[in-house]
Amino acid sequence: MAGFGYERARDELVNVVKMLEQGGLDLDESLALWERGEALANRCEEHLAGARKRVEDALHRTDLERRE
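Report follows, based on the coordinates.

Cut-offs and rules
- Residues numbered from 1 in each chain as written.
- Predicted model: local features only at pLDDT ≥ 70, side-chain atom pairs only at ≥ 80, totals over all residues.
- Heavy atoms only, no water.
- Helix = DSSP H or I, 4+ residues; strand = E, 2+ residues; numbered from the N terminus.
- Rg over C-alpha atoms; globule rule 2.2 N^0.38 Å.
- Buried < 20%, exposed > 50% of the residue type's maximum accessible area, 1.4 Å probe, protein only.
- Contact = heavy atoms within 4.5 Å.
- Areas by Shrake-Rupley, 256 points an atom, 1.4 Å probe, with all protein chains shown as cover.
- Lys, Arg positive; Asp, Glu negative; His and termini not counted.
- Charge placed at Lys NZ, Arg CZ, Asp CG, Glu CD.
- Salt bridge = Lys/Arg side-chain N within 4 Å of Asp/Glu carboxyl O.
- Expected span 1.5 Å × (residues − 1).
- Core = buried A, V, L, I, M, F, W, Y, C linked by side-chain atoms within 4.5 Å.
- Polar contact = N/O pair within 3.5 Å; in protein donor to acceptor, adjacent residues only side chain to side chain.

### Things to note about the overall build of the chain
- A tally of helices and strands in the chain yields 2 helices and 0 strands.
- Taken over C-alpha atoms, the radius of gyration comes to 18 Å for the chain, far larger than the 11 Å a tight globule of 68 residues would show.
- Taken along its principal axes, the extent of the C-alpha atoms in the chain is 65 × 20 × 15 Å.
- Looking at the 68 residues of the chain, the share that counts as buried comes to 12%.
- Taking contacts inside the chain between residues at least 6 apart in sequence as the whole, the part at least 24 apart equals 70%.
- In the form shown here, the chain has an accessible surface area of approximately 5,500 Å², with 52% of it arising from carbon and sulfur atoms.
- Of the side-chain charges in the chain, 11 are positive and 16 negative, and the distance between the mean point of each set is 9 Å.

### Observations concerning the pattern of salt bridges
- Within the structure shown, the criterion is met by 6 salt bridges.
- Aspartate 11 is the partner of arginine 10 in a salt bridge, and the nearest nitrogen-oxygen pair spans 3.1 Å.
- Exposure remark for arginine 10: the relative accessible area of 34% places this residue in the partly exposed category.
- On the basis of relative accessible area, aspartate 11 is assigned to the partly exposed category, the value being 40%.

### Observations regarding helix H1 (residues 6–22)
- Its 17 residues place the ends of H1 24 Å apart at the C-alpha level, agreeing with the 24 Å of an ideal helix rising 1.5 Å per residue.
- Remark: glycine 23 follows H1 within two positions and exhibits a positive phi of approximately 75°.

### Describing the nonpolar core
- Counting residues in hydrophobic clusters, the biggest one holds 6 residues: Phe4, Ala9, Val16, Leu33, Leu40 and Cys44.
- The set of elements that each furnish at least two residues to this core consists of H1 and helix H2 (27–67).
- Here this core gets 3 residues from one element, more than from any other, and that element is H2.

### Quick word on the side chain of arginine 43
- Within the secondary structure, arginine 43 sits in helix H2.
- For arginine 43, the side chain forms a polar contact with the main-chain oxygen of alanine 2, separated by 2.8 Å.
- If near-sequence neighbours (up to four positions away) are discounted, arginine 43 is found in contact with Met1, Ala2, Phe4 and Ala9.

So, to be careful, I would describe these as geometric facts and stop short of saying anything about function.
Below you can see the structure in the form of structure tokens.
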């Protein structure tokens, strides 16, 4: 999962949520899906945090260039 891009992790997370919402799974299957969902959500958060940092850095550089 470490190699998943944001879109792939998000799409798989959506599928996990759909499967959990449909129900009909036994407890072990539900727990395994929940754990996978948590891992996918964390991966999405990592991507979003990285994107946020890149935007903040770009804004900071732009601000510095304007001051020069």
